[in-house]
Amino acid sequence: MNKQTNKVIIIGTGFVGSTTAFTLMHSSLISEIVLIDINKEKAEGEAMDLNHGVSFVKPMEIRVGDYSDCKDADIIIITAGPSIQPGETRLDLANKNSKIIENTMKEIVKYTEDALIIIATNPVDVLTYVAVKSVNYDKNKVIGTGTVLDSSRFRYLLSNKFNIDTRNVHGYIIGEHGDSEVAVWSLTNVAGSRIDKSCPLCINSCDINTQKIFEQVRDAGYEILKRKGVTQYGISLATRRIVEAILRNENSVLTVSSVLNGEYSLSDVALSIPTIVNRHGVSKKLDLNLEDEEMNNLKKSSDKLRGILDSINY
Ligand code: NAD
């Protein structure tokens, strides 16, 4: 049988975990999804509900399992842990969720050193670092969803503004997934033209309010939470995109979060920079030619994350 026998474990079957399972059902790439949750009944309910749609997708198995299922898993997706509460920042969650990630990683390594691990739980950059360091897992196999979602929000807002296909807008949000993230305007382009300087879509000068667009991207999560209390669709599709890049060995450039080791003269943190992702996980982090202000802001983002890690003794 060819490698359609891909097995994915999802740990945490709340809004993000269950919606991720739902989006992965449609990918036709996965033959087995195993759901794990501290609340087993919740996982069971999700498995039942999802299975009732299996006749509408490619043949696959969806079931509740436990950590021993990790032994032959291709990918383990961690979405366990509470979401952000009103008035909290993503980084306030660090203390709470780092304990969950530590315990989860200790269970996982009893059964595998091979699986690629995708972390979506927030604060995702802090927890990506904790996941690697708490059990000494291969850092290239631990991938935070990072700013994959933020970069998608950025491209969506720009495409909306210019009324152009989102796929033709190229741009990256880097750094922390959160308040200190950085928009790389100097490399944001349509048809190869820098959008904030010589936008090919505008006849004279472009009236784009870069600060406003950046703030809308940065604060998008809070704005959604204010209205509906959770965010699940964007992050689940971002996670699916990472899974596809891995399982299809795509060498795709994605702004995933990973542990840095001197890139951009930064180390001892995990954050997002454009990264080539393939079947081996993080293959190469791209060395972008950032402007001074962008580089300074990336350094500030890294310092902020290091401060949080210091405060939780990592
Ligand atoms: P949720 O509260 O709906 O679900 C969390 C699930 O985790 C619950 O089912 C809970 O029982 C389970 N859980 C808790 N501790 C566990 C443990 N030790 N082992 C196994 N399962 C455990 O929350 P949600 O809305 O699904 O969000 C999950 C996480 O994803 C949050 O941290 C949230 O902030 C994060 N998130 C990240 C992004 C992103 O862009 N990275 C976007 C949205 C949400």
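Predicted model, so just to flag it, every value in this text is computed and none were measured. (Residues numbered from 1 in each chain as written. Predicted model: local features only at pLDDT ≥ 70, side-chain atom pairs only at ≥ 80, totals over all residues. Heavy atoms only, no water.)

1. Some details on the overall build of the protein
So the rule is basically this: The way it works is that DSSP assigns letters per residue, a run of H or I at least four long becomes a helix, a run of E at least two long becomes a strand, and they are numbered from the N terminus. Atoms counted for the radius of gyration: C-alpha only. Globule rule: 2.2 Å times residue count to the power 0.38. A simple rule labels every residue: compare its accessible area, found with a 1.4 Å probe on the protein chains alone, to the largest value its type can have, and call it buried under 20%, exposed over 50%, or partly exposed in between. Residue contacts are counted whenever heavy atoms from the two residues lie within 4.5 Å of one another. Only the protein chains shown count as covering a residue, and every accessible area follows the Shrake-Rupley method with a 1.4 Å probe. The sign given to each residue is positive for Lys and Arg and negative for Asp and Glu; His and the chain ends receive no count. Charge placement uses NZ in Lys and CZ in Arg. For Asp and Glu, CG and CD serve respectively.
When helices and strands are counted, the protein shows nine helices and 16 strands. Relative to the globule expectation of 20 Å for 314 residues, the C-alpha radius of gyration of the protein, 19 Å, shows essentially globular dimensions. The 314 residues of the protein split such that 54% are buried. A separation of at least 24 residues holds for 70% of the contacts in the protein among residues at least 6 apart in sequence. Surface exposure of the protein reaches about 14,200 Å², of which carbon and sulfur atoms provide 47%. The averaged location of the 40 negative side-chain charges in the protein is 2 Å from the averaged location of its 36 positive side-chain charges.

2. A few points about the packing of helix α1 (residues 15–25) against helix α8 (residues 233–247)
Put simply, the rule is: Axis definition: a line fit to C-alpha positions, over the contact stretch in the case of helices; interaxial angles, taken between N-to-C directions, run 0 to 180 degrees. If an angle is under 35 degrees, it is roughly parallel; if it is over 145, roughly antiparallel; if it lies from 65 to 115, roughly perpendicular; otherwise it is oblique. Handedness of each helix crossing follows the sense of rotation of the near helix against the far helix: counterclockwise by less than a right angle gives left-handed, clockwise gives right-handed. Residues are grouped as follows: Ala, Val, Leu, Ile, Met, Phe, Trp, Tyr, Cys and Pro are nonpolar; Asp, Glu, Lys and Arg are charged; all remaining types, including Gly, are polar.
Taken N-terminus to C-terminus, the directions of α1 and α8 make an angle of 50°; their axes are 8 Å apart at the nearest point. One element, α1, and the other, α8, form an angle in the oblique class. The handedness of the crossing between α1 and α8 is right-handed. Contacts between α1 and α8 involve V16, T19, T20, T23 and L24 on the former and, on the latter, Y233, I235, S236, L237, T239, R240 and V243. Split into classes, the residues belonging to the contact of α1 with α8 amount to six nonpolar, five polar and one charged.

3. Details of the domain arrangement of the protein
Counted only if it meets this: Domain borders in the structure are assigned automatically or taken from a domain database. Simply put, the buried area is the total loss of 1.4 Å probe accessible area from both parts when two parts are fitted together. Put simply, a salt bridge is a Lys or Arg side-chain nitrogen that is within 4 Å of an Asp or Glu carboxyl oxygen. For the purposes of these results, a polar contact is taken to be a pair of N or O atoms within 3.5 Å, where, inside protein, one atom must be able to donate a hydrogen and its partner to accept one; residues adjacent in sequence count only when each atom of the pair is a side-chain atom.
Taken domain by domain, the protein consists of domain 1 (7–144) and domain 2 (148–311). Taken together, the 36 residues of domain 1 in the interface contact 45 residues of domain 2. A combined buried area of about 3,400 Å² lies between domain 1 and domain 2, and 70% of that area is made up of carbon and sulfur atoms. Linking domain 1 with domain 2 are one salt bridge. With a closest N to O distance of 3.0 Å, R279 and D74 form a salt bridge. Taken together, the connections running from domain 1 to domain 2 amount to eight residue pairs in polar contact (both at pLDDT 80 or more). Only α1, β4 (75–78), β5 (116–119), α4 (124–135) and β6 (142–144) provide two or more residues apiece to the side of domain 1 that touches domain 2.

4. Considering the pairing of strand β13 (residues 257–261)
The line we're drawing: Here, strands pair whenever DSSP counts at least two bridges between them.
With four of five residues buried, β13 is to be regarded as a mostly interior element. Relative to strand β14 (residues 267–272), β13 is paired through four bridges, and the arrangement is antiparallel. What sits directly across from S257, in β14, is S272. Here β13 folds back onto β14 in antiparallel fashion, the turn holding five residues, of which G262 has a positive phi close to 100°.

5. Here's the deal with the side chain of D69
With respect to the helices, strands and loops of the structure, D69 is situated in the loop between β3 (61–64) and β4. In this structure D69 comes out as buried when scored by relative accessible area, which is 10%. In this structure the side chain of D69 is engaged in a polar contact, spanning 2.7 Å, whose partner is the side chain of R63. The residues contacting D69, other than those within four sequence positions of it, are K7, I9, V34 and R63.

6. Focus: the nonpolar core
Applied cut-off: Take the buried Ala, Val, Leu, Ile, Met, Phe, Trp, Tyr and Cys residues and link them wherever side-chain atoms come within 4.5 Å; each set so joined is a nonpolar core.
The biggest cluster of nonpolar side chains holds 44 residues, and the ones touching the most others in it are I11, I76, I78, I108, I117, I119 and V126. Sort the elements by how many residues they give to this core and α4 lands first, with seven residues. Counting contributing residues per domain, this core is built from domain 1 (7–144) and domain 2 (148–311), each supplying no fewer than three. The residues touching I78, leaving out its near neighbours within four places in the chain, are I11, I101, T104, M105, I108, I117, I118, I119, A120 and T121. Counting residues in each nonpolar core, the second largest holds 36 residues, with I77, A120, I143 and L149 among its members.

7. A word on the packing of aromatic side chains
Here is the rule we go by: Working definition: a ring pair exists when centres of Phe, Tyr or Trp rings (six-membered ring for Trp) sit within 6.5 Å. Plane angles under 30 degrees give stacked, over 60 give edge-to-face, the rest tilted. The criterion for a charge sitting over a ring is simple: Lys NZ or Arg CZ within 6 Å of the ring centre, and within 35 degrees of the ring normal.
Here the structure, examined in full by the defined rule, presents one aromatic pair. A centroid spacing of 5.0 Å and a plane angle of 75° characterise the contact between F154 and W185, whose relative ring orientation is edge-to-face. Here F154 is found in helix α5 (residues 148–162), whereas its partner W185 is found in the loop between β9 (182–183) and β10 (189–190), with 31 residues between them in sequence. Each member of the pair, F154 as well as W185, carries the same accessibility label: buried. Positioned above the aromatic ring of F162, the side-chain terminus of K161 is 6.0 Å from the ring centre. The ring of Y129 is capped by R306, whose NZ or CZ atom sits 5.4 Å from the centre of that ring.

8. What to know about the sheet that holds strand β16 (residues 281–285)
Read across the sheet, three strands follow the order β12-β15-β16 without closing on themselves; strand pairing throughout is antiparallel. Of all the strands in the sheet, just β12 (252–254) and β16 have a single pairing partner and so form its edges. Sheet twist, expressed as the average angle between the axes of neighbouring strands with direction ignored, equals 40°. In the packing of α8 onto the sheet, contacts are made with β12 and β15 (275–278), and the angle to β12 comes to roughly 150°.

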